[in-house]
Amino acid sequence: MPNYSYPPMEQRRVMGKRITRLDGMEKAAGKAKYNSDVRPKGTIHAVGVFSPHAHARVKSVDTSAAQQAPGFAAVSVVAAPGAEVNWAGQEIAFVAAQTEEQARDCARLIKVEYEALPHLVREENLAKAGSRGKPAGEQVTGDPEAAFSAAGAVTHEAEYGIPVITHCCLEPHGQIVAWDGAANKIEYWPSTQAISAVGGDLAKQLELPATQVHSHQDHIGGGFGSKFQSDLWGAHAAKLSKMAGGKPVKLYLERREELTIAGVRPSVFGKVKLSASASGEMTGWDSTTWMTGGFAGGGLNADLLPYVFRNVANRRINHTAVSTNNGASRAWRAPNHPQVCYITCAAMEDLAAKLKMDPMEFFLKNLDKTPRADTYKAQILKAAEMIAWKQNWKPRGSSTGTVKRGLGLALGTWGGAGHASRCRTTINPDGSVLIEIGSQDLGTGTRTIITQVVAETLGLPMGGITLKLGDNNYPASGASGGSTTVGGVSASSRKASVDALDKLFAAVAPALGVPADQLEAVDSKIQVKGNAAKSMTWKAACAKLGVSAIIAENANDPRNPGGLTTGGVGGCQMADVSVDTETGIVKINKVVAVQDVGLVINPKTSDSQVYGGVIMGICAALMEERVMDEMTGRFLNADMEFYKLAGAGDIGEIEVHMDITPDHDKRGVIGIGEPATVPTIACIANAVANAIGVRVPVLPLTPKNVLNALHNTTRRLA
Amino acid sequence: MNAFEYASPATLKEALGLLGNSWSDAAVLAGGTDLLSLMKDHIAEPKRVVNIKGIKELGGITKSGGGLRIGANATVDELMESAAVRAEYPSLVAAARGIDSPQVRNMGTVVGDLCQRPRCWYYRNGFGLLAMKGGKSLVESGQNEFHSIFSSGPAKFVSASSFGPALIALGAKVKIASASGSREVAVADFFKAPTGDGDREIDLKPNEIVTEIVVPAAKGAKNATYEVRNKEGLDWPLATASVVLTMKGANVATAKIVLGHVGPTPVVAADAASSLAGKAINEETATAAGKAAVAGAKPLSDNGYKVQLAAVAVKRALLAAAGKA
Ligand SMILES: Cc1cc2nc3c(=O)[nH]c(=O)nc-3n(C[C@H](O)[C@H](O)[C@H](O)COP(=O)(O)OP(=O)(O)OC[C@H]3O[C@@H](n4cnc5c(N)ncnc54)[C@H](O)[C@@H]3O)c2cc1C
Ligand code: SF4
């Protein structure tokens, strides 16, 4: 069995270095081609017709006028007469024409008659949901009532909520697809987080063997968990292409549909009661939460409550998923976690205030209820040092003046172990090295870290490696979700490259006069271990291969990763905010993020992941909210104008501390994209409560919600 | 958007001849930052689009003894960068800066800002300017956090223009031309709250073109605009206040206070302004004036918070104008 372990920390030459993203320049210069920029010869354009009703029965769909319109190419009807549509934006038909404008004109000429049916689109009032709420059944541990009524117990009871937010991918969902009917072959350029699998998913929809679909993607403009499937629009785009004689069809969602039907993050609303002893020992938790994940009712894992501090002795959980007439939810960067983190850390901060305790002390005191007390303790202390908690924290509401300042903290966790991944390493007789892997670079630095791992393994400079990914002809690698990519691709590329190198050692060992296992690859040379004098250049070594290249393929097996990757991390974030109490505007002064993560291949790209995660958390904390209108059943701000995201001026200073230590390093590679976004919302919300002296119960922290909290005019949830 | 005929006349006369008697005949295109969105969303469906950017006589910002002339083609950026404007009208510069997108400022015109349509999300989602359904106001019964707190009629949207209030406070006028002649209207009278879905929010007919804005010389009057916006970058104000003060020594001789983004037209707060006469501007008087300015506010179900924002905007605009911000 070859030794796949990474070289010890201090011996790494390429791994562990702050290397700039390989495709950064290409992107900054606008040279990178996203699939929405790809225009194969003869491309025609398709757009959709979507239901304007949140709930209706389709009575008729008449495409005849569209078929007579200039440029018309093909039409594909999704919702046949009699079909029920369950949210505004649900797909009725797709139509293709020579130009995008003509396709839009055709779409407007498709006449659809509906019988409108009653709908429910808002979920914050559980009483109004009636039978559309599906309770998950109560879970009880210990005796929460006894904890609440115990002598000396201090209890706190309140409502909290986070609205539905959307993924807001800048590159919308969609694809270019060409279905050659005669050959029954499909060329497919999707915007996807799963290049190895999405072609098979499309084939399944079209009842074709997976072998018939060739998928390609160099770059993606955001997915965040919403781009794993080929989707209805993928299948219909393919059908339109076939109908149009195999011409490539471009079908991307417009901004409105992108926000409405391409996935959202479920909301969560709830009533929480919790208790602690006078000295701050948390004793009981009782939460009744509800949320919506759209019509199909995608859930929220309330069993995570109280988040991180789940081992509280007495605990009662009630949770209800409300089916609303909205598009389905999809995974959103750390599914469940940011929401339950907010509910938990907000309630804990509120209880700490009632106890007149520094919330940091309160969190520290209760770390025994978390699965990683030591890690969290070290992180809290580090974050506190970074934000000068001891110097700057003041008891809740004691900040004076119009603009009040406050600090808040929250903890998070995530898995992030590497997914199943295969990789092929080819060492050519001319010394060139090719890596092929059916993965994708979501903009996270996947290209860069794979190249680092291979360069480290083969003793070559990064420039000596050619990496190809983003194609389902390459060895299959997992979808990029759950922060599983980095652990998976680093392990598979390490193993395939170690295997390839071992074969090269075997080929050159005779010439160097030692057994193959006595060789090492350093500085573009193959040499006898510890004896640079007995060496051969990489090129000369590869020349020994004659005419046949070395091809080695290996995989990461998630059940048996051999120490190259593990999962399970903790993180602590603290926020320093200023709130203008006259306008309710919240300004972020600083967010600090301390994240434990295993072996860090590239501190620069992992820092960037944390920046990105924190920025997404800031957006959600301060601005993001899907606004549904009960009368019309519509998503009123399905745009980038009133669906607000933070800009550069709104994010303040972000300071990242990655816990890179020999101990963490031994755990192998762990994903970072998701954990970094979990605690942000809660720590900002807690900082605001600390600043202004009252809790803003339902997010986002907009002037409206902040002023309502200050004036005690917040509407009760139910 | 629908297909349309495109005309790019070189003279005002030609342009006027290309307009029609109904809004669906033709639309004037300046920077297009609003018109194109309206057309894409099928809120505006003109058969002809008349681009006025090639008309030289409508360009430029000029300063003379009589005041400032802002041509219909002058962009927000030109206004913001104009030395004359910077020297005398900080109120206009602040309103311009609030349109916090270089792209929009480079393309959008000041006149277009006055003529732009409301951003009400019911209107922009195709439910009509007044957003009535079955005799009920969608705004009143629905989601109205960004809507009007000063409506007496059926219009519940807010006027989107940040220049409107500033220009009203400065006593500006617009000049309007049609094939049959030209007229002048005070900006204060240019805005009007519509009562029907087909009405406009401004005193303009389909066959007319606004040719310029004339702002009287500031003559040392202090002026300022304060905007409350949630975001630092491009974002619609939640409330604005534009003020103009003439001083007699350390005290106010005359004051003008106009609120923006809180009513279907800019809201002139005459009582609040006159209450300042003879007083010095300080935290106390400015706060009182802010309160007085919103005394008549009638918030909807979800926008009570805007009452305070408007009052704060007035206070802060007054303090800024008085150099005490
Ligand atoms: C994202 C965004 C944010 C914005 N934020 C703000 C803000 O914070 N504050 C603010 O005040 N504004 C804001 N604006 C509005 C912006 O200032 C206007 O869109 C712009 O000034 C309009 O000018 P334009 O030349 O592009 O008008 P166009 O789009 O060309 O025209 C707008 C309307 O006016 C009519 N029109 C234009 N010129 C004339 C004329 N000379 N005679 C008769 N009719 C005419 C057109 O027919 C059309 O109906 C924002 C706009 C955007 C897109
Ligand atoms: S504003 Fe939008 S369109 Fe313009 S550069 Fe930025 S992302 Fe691109």
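This text goes with the structure placed above it.
Residues numbered from 1 in each chain as written. Chains lettered and ligands numbered in written order. Predicted model: local features only at pLDDT ≥ 70, side-chain atom pairs only at ≥ 80, totals over all residues. Heavy atoms only, no water.

### Brief notes about the environment of Ser242(B)
Residue and element names in this part refer to chain B.
- Counting through the fold element by element, serine 242 comes out in strand β12 (residues 239-248).
- By relative accessible area, which is 0% here, serine 242 ends up buried.
- Among residues more than four places away in sequence, those in contact with serine 242 are Ser91, Pro165, Ala166, Ala169, Ala224, Thr225, Lys256, Ile257 and Val258.
- Reaching out from serine 242, the side chain makes a polar contact with the backbone nitrogen of alanine 166 at a distance of 3.3 Å. (Helix = DSSP H or I, 4+ residues; strand = E, 2+ residues; numbered from the N terminus. Buried < 20%, exposed > 50% of the residue type's maximum accessible area, 1.4 Å probe, protein only. Contact = heavy atoms within 4.5 Å. Polar contact = N/O pair within 3.5 Å; in protein donor to acceptor, adjacent residues only side chain to side chain.)

### As for the pattern of salt bridges
- Throughout the structure, instances matching the rule amount to 59 salt bridges over all chains.
- Ionic pairing is found between Lys666(A) and Asp663(A), a salt bridge with its closest N-O pair at 3.6 Å.
- Residue Arg183(B) is joined to Glu208(B) by a salt bridge in which the shortest nitrogen-to-oxygen separation is 2.8 Å. Of this pair, Arg183(B) sits in strand β9 (residues 181-186) while Glu208(B) sits in the loop between α11 (187-190) and β10 (209-216), and the two are 25 residues apart along the sequence.
- In this structure Glu208(B) comes out as buried when scored by relative accessible area, which is 6%. (Salt bridge = Lys/Arg side-chain N within 4 Å of Asp/Glu carboxyl O.)

### A look at the packing of aromatic side chains
- Summed over all chains, the structure comprises 11 aromatic pairs over all chains.
- Here Tyr122(B) and Phe127(B) contribute two aromatic rings whose centre-to-centre distance is 6.4 Å and whose plane-to-plane angle is 65°, an arrangement assigned as edge-to-face.
- Overall, Tyr122(B) belongs to the buried group, its relative accessible area being 0%.
- Ring plane angle 75° and centroid distance 6.0 Å describe the contact between Phe190(B) and Phe191(B), whose orientation is recorded as edge-to-face. Here Phe190(B) matches Phe191(B) in class, with each residue buried.
- Each residue in the set Phe642(A), Trp121(B) and Phe146(B) is aromatic and connected to the rest through ring pairs, giving one cluster.
- The ring of Trp332(A) has Arg265(A) lying over it, and the distance from NZ or CZ to the ring centre is 4.5 Å.
- Note that Arg200(B) overlies the ring of Trp23(B), its terminal NZ or CZ placed 3.7 Å from the centroid. (Phe/Tyr/Trp six-rings, centres within 6.5 Å; stacked < 30°, edge-to-face > 60°. Lys NZ or Arg CZ within 6 Å of the ring centre and 35° of its normal.)

None of the figures reported here should be taken as evidence of function without further support.
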